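# Structural overview for review
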Amino acid sequence: MHSAQYDIFERYERAELYRLFSGLFLHEPSEEFIFHLKDLFFMTFEDPIDNIRRDFHGLFILNRDLLPVESLQRQDLPRDLIVREVEGFYHSTGIMLDEELSLPPDHLSLELIFLSYTIENGLYETFVKFFDAHIMSWVPQYCDMVKEHSETGFYREALSIFREFLDSEYEELEDHNP
């Protein structure tokens, strides 16, 4: 395959993975989503779908300590500063969030969708800065914390895979930006 074609294909795959992982935190998983992840990543969990859905609610809706929101999880910066920084990244790329949107701008799902957007649009420098400042600063530790509270193999496996993906992305960036 031609190098430029490969680069485009690889970019598309990475963007798709960010969108896929955003679904872990966005809404109760559908049966289709669960089995898509299981097939794609060769997951071995055997949890009934109802247990997975209950786990989603217990982890990401009912447990305020585990909400997937950067400004609630990070203790190193004031909450309003985190939100302003995230919104600043969105605005710098021309993205304006719908005021009707029920998620805060620093919800992990939105941040992952934003990374997907930066990849698809070749905004490498924005990707690197956002990934470093607003993903690697809290998401790996967050994944570990959520795994400890998960009651299903699905979420423990999915979060391990997501964490491995982030670590590999970080290593790739370090190799290209020493």
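Anything mentioned here points back to the structure above.
Residues numbered from 1 in each chain as written. Predicted model: local features only at pLDDT ≥ 70, side-chain atom pairs only at ≥ 80, totals over all residues. Heavy atoms only, no water.

Moving on to the side chain of His107. The residue His107 is located in the loop between α5 (79–92) and α6 (108–120) in this model. The class of His107 is buried, set by a relative accessible area of 6%. A polar atom in the side chain of His107 sits 3.0 Å from the backbone nitrogen of Ser109. Sequence-distant contacts of His107, defined by excluding residues within four places in its chain, comprise Phe25, Leu26, Pro68 and Val69. (Helix = DSSP H or I, 4+ residues; strand = E, 2+ residues; numbered from the N terminus. Buried < 20%, exposed > 50% of the residue type's maximum accessible area, 1.4 Å probe, protein only. Polar contact = N/O pair within 3.5 Å; in protein donor to acceptor, adjacent residues only side chain to side chain. Contact = heavy atoms within 4.5 Å.)

Here the focus is the packing of aromatic side chains. Summed over the entire model, instances satisfying the criterion amount to 18 aromatic pairs. Consider the rings of Phe25 and Phe60, whose centres lie 5.4 Å apart with planes at 75°: the pair is edge-to-face. Residue Phe25 is found in helix α1 (residues 3–26), and its partner Phe60 is found in helix α3 (residues 49–60); the two are separated by 35 residues along the sequence. Ring centres of Phe154 and Tyr155 lie 4.8 Å apart, and the angle between their planes is 80°; this geometry places the pair in the edge-to-face category. Judged by relative accessible area, Phe154 falls into the buried class, the value being 0%. Accessibility expressed as a relative area gives 0% for Tyr155, which makes it buried. Positioned above the aromatic ring of Phe127 is the side chain of Arg14, whose terminal nitrogen or guanidinium carbon lies 5.1 Å from the ring centre. Lying over the aromatic face of Phe45, Lys38 brings its terminal NZ or CZ to 4.6 Å of the ring centre. (Phe/Tyr/Trp six-rings, centres within 6.5 Å; stacked < 30°, edge-to-face > 60°. Lys NZ or Arg CZ within 6 Å of the ring centre and 35° of its normal.)

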